[in-house]
Amino acid sequence: MTQKVKRAFKYRFYPTGEQAEELSRTFDCARLVYNKALEERTAAWYGEQRRISYIQSSAALTEWKKTEELAFLTEVSSVPLQQALRHLQTAFANFFARRARYPRFKSKRKSRQSAEYTRSGFKWRDDMLTLAKMSAPLDIRWSRPLPEDAQPSTVTVSRDAAGRWFVSLLCEDTVTPAPATDHAVGVDAGITSLVTLSTGEKVTNPRHERRDRDRARLARAQRELSRKTKGSANREKARRKVARVHARIADRRRDFLHKLSTRLVRENQTVVIEDLTVRNLVKNHKLARAISDASWTELRTMLEYKCAWYGRELVVIDRFFPSSKLCGACGTVREELPLNVREWTCDCGTVHDRDVNAARNILAAGLAASACGDGVRPQREFSRTGRSSVKQETQRATAGLPRL
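Residues numbered from 1 in each chain as written. Predicted model: local features only at pLDDT ≥ 70, side-chain atom pairs only at ≥ 80, totals over all residues. Heavy atoms only, no water.

A closer look at the overall build of the protein chain
Phase 1: What the protein chain contains, in helices and strands, is nine helices and 15 strands.
Phase 2: Along the three orthogonal principal directions, the C-alpha set of the protein chain runs to about 80 × 50 × 50 Å.
Phase 3: The proportion of buried residues among the 404 residues of the protein chain is 43%.
Phase 4: Counting contacts in the protein chain only where the partners sit at least 6 residues apart, residues at least 24 apart contribute 70% of the total.
Phase 5: Total accessible area on the protein chain is roughly 23,100 Å²; 49% of this is exposed by carbon and sulfur atoms.
Phase 6: Averaging the positions of the 76 positive and the 47 negative side-chain charges in the protein chain gives two centres separated by 5 Å. (Helix = DSSP H or I, 4+ residues; strand = E, 2+ residues; numbered from the N terminus. Buried < 20%, exposed > 50% of the residue type's maximum accessible area, 1.4 Å probe, protein only. Contact = heavy atoms within 4.5 Å. Areas by Shrake-Rupley, 256 points an atom, 1.4 Å probe, with all protein chains shown as cover. Lys, Arg positive; Asp, Glu negative; His and termini not counted. Charge placed at Lys NZ, Arg CZ, Asp CG, Glu CD.)

Given below as structure tokens:
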């Protein structure tokens with residue numbers, strides 16, 4: 001059964017000098033409005049224990065434009081400025097719901113440079129996009145077609161650290177579920193092998209950042225950057241060169257993960273993964289660089305939305321499930337299993353490949369959770385993660401002792 005989904009289509013474009021200047025001003029104004037509204041909200045809360053709503057912030061924006069100091073805000077489109085206030089409202093809603101930390105100020109150099117336009121802020125006609133305050137359409141490179149008769153509801157323009165310009169069009173698309181299959185797979189994430197499947201297959205980690213050519217190019221670019229005078233034009237050129245190397249690495253990594261996640265979703269009806277806390281894992285300074293390069297969180301995000309789109313089931317098992325130390329033959333849990341031990345023998349005589357055994361145990365626990373709605377043995381009232389042991393939309397299997 002087909003379903004309608006909101007889908008963003010991202011393209012690269014090449015602005016004229018006038019368009020680039022207009023967009024740069026818009027980025028700066030949107031960031032200023034966000035930071036100023038955040039400052040006022042913070043002062044009101046800590047000074048008067050008073051909350052400021054989006055409507056009050058919007059009214060304040062109107063007043064800011066009337067002042068001599070901030071009159072330049074009228075020179076750019078008002079739509080991205082209003083969207084910046086909406087994003088701040090969402091950030092506070094997530095904070096008060098304990099889904100996120102307190103909103104932080106945006107930095108000119110470190111924060112993403114972007115501006116969001118709603119339907120009133122752009123014109124879409126004959127597959128040409130013209131933004132507010134601009135006389136000519138954007139020169140977009142249509143690398144793939146939009147859905148037939150697509151009408152973008154939101155347009156986001158951004159510029160990355162390498163100076164590349166992108167436009168993202170949010171459209172309604174029709175997604176057809178993939179043909180049903182009876183295959184299921186458990187996925188164990190790693191570093192030497194990016195993922196190990198319960199079928200015994202190991203997908204080698206490309207280690208994009210560690211490739212000799214890229215690492216040498218990056219090191220050379222960073223050395224050149226360190227020699228430049230701060231604030232000089234040559235330093236900006238050197239910074240762009242470093243950013244281009246990082247962008248190349250990130251693009252290749254994202255492309256590989258898209259292909260891997262698409263393959264897993266296409267071939268399997270059920271995909272079972274672990275709930276890894278990457279934030280804690282990267283505290284190991286010996287492995288932090290390799291873990292970051294593996295990008296397990298991005299792989300999970302791709303699996304989540306692709307499974308939802310194409311009618312697949314994604315099961316996430318508890319992070320404390322002893323997948324590596326559990327013998328899949330007899331159910332014995334080994335007390336210790338150091339990371340350097342890649343193969344071990346159980347007391348029952350079964351020889352295990354550490355990663356393959358973990359993937360098979362992950363699959364067994366996930367199938368048990370999918371069938372029963374929870375773990376395979378009684379659990380405490382609350383798990384160590386602070387969540388109750390219940391079946392959720394993205395299902396979580398708590399630690400159990402399944403046998404293969």
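A look at the packing of helix H1 (residues 17–48) against helix H3 (residues 78–96)
Phase 1: At a minimum axis distance of 9 Å, the contact between H1 and H3 shows a crossing angle of 40°. Regarding the angle of H1 to H3, the classification is oblique. Seen along the crossing, H1 lies across H3 with a hand that is right-handed. Listed contacts from H3 to Thr26, Cys29, Ala30, Val33, Tyr34, Ala37, Leu38 and Arg41 of H1 are Pro80, Leu81, Ala84, Leu85, His87, Leu88, Gln89, Ala91 and Phe92.
Phase 2: Each residue belonging to the contact of H1 with H3 can be placed in one class, and the counts come to 13 nonpolar, three polar and one charged. (Axes fitted to C-alpha atoms, helices over the stretch in contact; angles between N-to-C directions. Parallel < 35°, antiparallel > 145°, perpendicular 65-115°, else oblique. Left-handed = near helix turned anticlockwise from the far one by under 90°. Nonpolar A, V, L, I, M, F, W, Y, C, P; charged D, E, K, R; others polar.)

Some words on the pattern of salt bridges
Phase 1: Under the definition given, this model contains 25 salt bridges.
Phase 2: Of the charged contacts, one joins Glu209 and Arg215 as a salt bridge, the two residues approaching to 2.9 Å between their closest N and O atoms.
Phase 3: A cluster of three or more residues bridged by salt bridges with shared partners is formed by Asp160, Arg164, Asp251, Arg254 and Glu298. (Salt bridge = Lys/Arg side-chain N within 4 Å of Asp/Glu carboxyl O.)

Remarks on the pairing of strand E1 (residues 3–13)
Look at any regular strand and the pattern is simple: side chains alternate between the two faces of the sheet.
Phase 1: In terms of strand pairing, E1 meets strand E7 (residues 165–175) through 11 bridges, oriented antiparallel. What sits directly across from Tyr11, in E7, is Val167. (Pairing = 2+ DSSP bridges.)

Concerning the environment of Ala93
Phase 1: Inspection of the secondary structure assignment puts Ala93 in helix H3.
Phase 2: Separated by 78 residues in sequence, Ala93 and Pro15 have C-alpha atoms that sit 35 Å apart.

Things to note about H3
Phase 1: Compared with the 27 Å implied by 1.5 Å per residue over 19 residues, the 28 Å span of H3 between its first and last C-alpha is a close match.
Phase 2: Every buried residue belonging to H3 is among Val79, Pro80, Leu81, Gln82, Gln83, Ala84, Leu85, Leu88, Ala91 and Phe92, and all of these are buried.
Phase 3: If you follow the buried residues of H3, they end up packed against H1, helix H2 (54–66) and strand E2 (113–118).
Phase 4: Structurally, the start of H3 carries an N-cap: the backbone nitrogen of Val79 is 3.3 Å from a side-chain oxygen of Ser77. (Expected span 1.5 Å × (residues − 1). Polar contact = N/O pair within 3.5 Å; in protein donor to acceptor, adjacent residues only side chain to side chain.)

A look at the confidence of the model for the protein chain
Phase 1: Here the protein chain averages 88 in pLDDT, and 92% of its residues register 70 or above.
Phase 2: The spread of mean pLDDT over the elements of the protein chain runs between strand E15 (residues 395–397), the lowest at 44, and strand E6 (residues 154–159), the highest at 97.
Phase 3: Note that pLDDT drops below 50 for residues 375–404; the model gives that stretch 75 contacts with residues more than four away or on any other chain. (pLDDT = per-residue confidence, 0-100.)

Let's talk about the packing of helix H5 (residues 233–267) against helix H8 (residues 296–309)
Phase 1: At a closest axis distance of 9 Å, the pairing of H5 and H8 adopts a crossing angle of 40°. As far as their axial angle goes, H8 and H5 are oblique. The chirality of how H5 crosses H8 is right-handed. Residues Arg254, Leu257, His258, Leu260, Ser261, Thr262, Leu264 and Val265 of H5 form the contact with H8, whose own contacting residues are Glu298, Leu299, Met302, Leu303, Tyr305, Lys306 and Cys307.
Phase 2: Here the residues of the contact of H5 with H8 are counted per class, giving nine nonpolar, three polar and three charged.

Digging into the sheet that holds E2
Phase 1: Strands sit in the order E2-E6-E7-E1-E5 across an open sheet of five strands; the sheet is antiparallel. Unpaired on one side and paired on the other, E2 and strand E5 (140–141) mark the two borders of the sheet.
Phase 2: Taken strand by strand, H1 contacts E1, E2, E6 and E7, and its axis lies near 95° from that of E2.
Phase 3: Here H8 sits on the sheet and contacts E1 and E7; the angle it forms with E1, its principal contact strand, is near 135°.

A few points about the environment of Glu40
Phase 1: On the secondary structure map, Glu40 appears in helix H1.
Phase 2: Sequence separation between Glu40 and Ala288 is 248 residues; the distance between their C-alpha atoms is 37 Å.
Phase 3: In this structure Glu40 touches Ile52, Ala60 and Trp64, once residues within four positions along its chain are discounted.

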